[in-house]
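Spelled out, the chains give:
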Amino acid sequence: MSKLTEAIAEFTERHPTLYRCVLFGENVFKKAIFGCQDCGQCVLSYNAFVCCMRCPKQMRNGPCGGTRPNGRCEVYPNRPCIWWLIYKRAKWMGRVAKLKKYHVPVDRRLEHTSAWMNMFAGRILPLDLSKELREIELPKKDPPPKW
Amino acid sequence: MVSGSRLERLLRQGEFVVCGEMSPPQGADKAPILKKCEYFRGYVDAVNLTDNQTAIVRMSSIMSSVFAIEGGCEPIMQMTCRDRNRLAQQSDLLGAYAAGIRNVLCLTGDYQTFGNQGDAKGVFDLDSVQLIHTVADMNSGRLLSGDELKPPPAFFIGGAANPFAEPLEMRIIRLEKKVAAGAHFIQTQPVFDWPKFEKWMSAVRDAGLDQRVFIIVGVMPVRSVKALLYMRDEVPGMSISEECIKRMESAQDPKEEGVKMCVETMQRLRETPGVRGIHIMPVMWESITPRLVEEAGLLPRPEPLPVEEETTAEPAETS
């Protein structure tokens, strides 16, 4: 993102206790509010703040062909289709254009790491709060250390 | 021209193509595949070989495709994201290309709990859009990791679309993503609900997608009203119109009526602008394919013209 955020991420990642505190704070906040699945590469701001990793197939680029007519999941008929929720919320928030973003395959090394620090370090897409779609090219960076 | 496969050459010539579909056997013998090839050879231009469809273990789609080539049919190999991670997918694709398979259909795959191995772990490392992107990358000589591939494969890449699932706008966005990721052709679910299909097709035309990708629409012959009711109630994402159900219910001979209904859909699809072919899915009823193709007036199947060296245009410009 910027020199400052990269420095913050680097400092945090050098101090395991601090990193764990950040991760704990992030999880308390995101798991409670968004049902975060801890993939470490957050796309909430692109998906109208509904976590797409709650989908049984972990679809990141739109719904599978099995959405039921009443907007329920094909695998768990008592749960809503996550992409149905994402679409409805995006429509309501005027953020449908953001759904057109192509999301690259999940980097499994980032699972259970802090998405905020990954974002600060420039490993993943930055938070995008504007309504238009911005194309962002990311440089390749090493994954964070794990303790 | 990307792959020079029979399917691709016919589509680029502007022919209305016919695809078939067969499921590989649940056994360690290739004879059923060779036998089913008899029903397809000369009647369809390419045949889909399903990859453990509805999550039931069958012979692998790669080896089945190889046997289909042996049987004289051009295969469209299906590949799902349910059973393999990105390493296995890429290595299987390389092997498939070396074995002579030129068409690949990239799918996410039915969830494992629908099949006979509900206790399995679903992989879903990539999703279908990412898989299409990966194959397109491999075509241009790069693996997903960025490593160079020498020599690269040249696949004719397919994706799937469901015209009947809601919400429509999201479906078009996803289709657009698949096309942008590098899909050359799209196959759809079988049509049993014409008004809904028309609505989807006009949305596709409005988005200009029929000009950027070859759209091949599914049809399915049914033998009884029970099959229709099963699909309506048990298969998620399928839409069956009341009209179809009433028609099958009141039929004297449901088998004949099913064939008639399928042929009518095929003829209607041929007249629909933007539809470039049909995809017949005769689930466990492969022997009906020759009759369907003949009655729809799609025989004889055209032969592709020999490939000219300089035709290397992208689908956007030729179609």
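Residues numbered from 1 in each chain as written. Chains lettered and ligands numbered in written order. Predicted model: local features only at pLDDT ≥ 70, side-chain atom pairs only at ≥ 80, totals over all residues. Heavy atoms only, no water.

(A) Molecular detail of the overall build of chain A. On a plain count of helices and strands, chain A comes out with four helices and zero strands. The secondary structure elements of chain A, listed N-terminal to C-terminal, are α-α-α-α. Against the 2.2 N^0.38 benchmark of 15 Å for 147 residues, chain A shows a C-alpha radius of gyration of 16 Å, consistent with a compact globule. Taking the principal axes of its C-alpha atoms as reference, chain A extends roughly 50 × 30 × 25 Å. Counting every position in chain A, which comprises 147 residues, the buried fraction comes to 48%. The contacts in chain A between residues at least 6 apart in sequence include a share of 59% that link residues at least 24 apart. Surface exposure of chain A reaches about 7700 Å², of which carbon and sulfur atoms provide 60%. In chain A, 26 positive and 13 negative side-chain charges are present, and the distance between their average locations comes to 8 Å. (Helix = DSSP H or I, 4+ residues; strand = E, 2+ residues; numbered from the N terminus. Rg over C-alpha atoms; globule rule 2.2 N^0.38 Å. Buried < 20%, exposed > 50% of the residue type's maximum accessible area, 1.4 Å probe, protein only. Contact = heavy atoms within 4.5 Å. Areas by Shrake-Rupley, 256 points an atom, 1.4 Å probe, with all protein chains shown as cover. Lys, Arg positive; Asp, Glu negative; His and termini not counted. Charge placed at Lys NZ, Arg CZ, Asp CG, Glu CD.)

(B) View of the domain arrangement of chain A. All names here are of chain A. The domain architecture assigned to chain A consists of domain 1 (1-41 + 108-126) and domain 2 (42-105). Here domain 1 and domain 2 have C-alpha centroids that lie 23 Å from each other. With 13 residues of domain 1 at the contact, the number on the domain 2 side is twelve residues. In total, domain 1 and domain 2 occlude about 960 Å² of area from one another, counting both sides; carbon and sulfur atoms represent 58% of this. When the buried surface of domain 1 facing domain 2 is broken down by residue, Phe34, Gln41 and Leu125 rank first, second and third, together holding 53% of it. (Domains from an automatic or database assignment. Buried area = accessible area lost by both parts, 1.4 Å probe.)

(C) Structural context of the side chain of B:Asp45. Residues and elements named next belong to chain B. Among the structural elements, Asp45 can be located in the loop between helix H2 (31-40) and strand S2 (46-49). Polar side-chain contacts of Asp45 include one of 2.8 Å to the side chain of Arg301. With residues near it in sequence (within four places) discarded, Asp45 still touches Arg6, Leu10, Val17, Val18, Glu74, Arg301 and Pro302. (Polar contact = N/O pair within 3.5 Å; in protein donor to acceptor, adjacent residues only side chain to side chain.)

(D) View of the packing of helix H1 (residues 3-14) of chain A against helix H2 (residues 16-34) of chain A. Residue and element names in this part refer to chain A. Interhelical geometry of H1 versus H2 gives an angle of 110° and a closest axis separation of 5 Å. With respect to H2, the axis of H1 lies roughly perpendicular. Where H1 abuts H2, its residues Phe11, Thr12, Glu13 and Arg14 lie against Pro16, Leu18, Tyr19 and Val22. Grouping the amino acids of the contact of H1 with H2 by side-chain chemistry returns five nonpolar, one polar and two charged. (Axes fitted to C-alpha atoms, helices over the stretch in contact; angles between N-to-C directions. Parallel < 35°, antiparallel > 145°, perpendicular 65-115°, else oblique. Nonpolar A, V, L, I, M, F, W, Y, C, P; charged D, E, K, R; others polar.)

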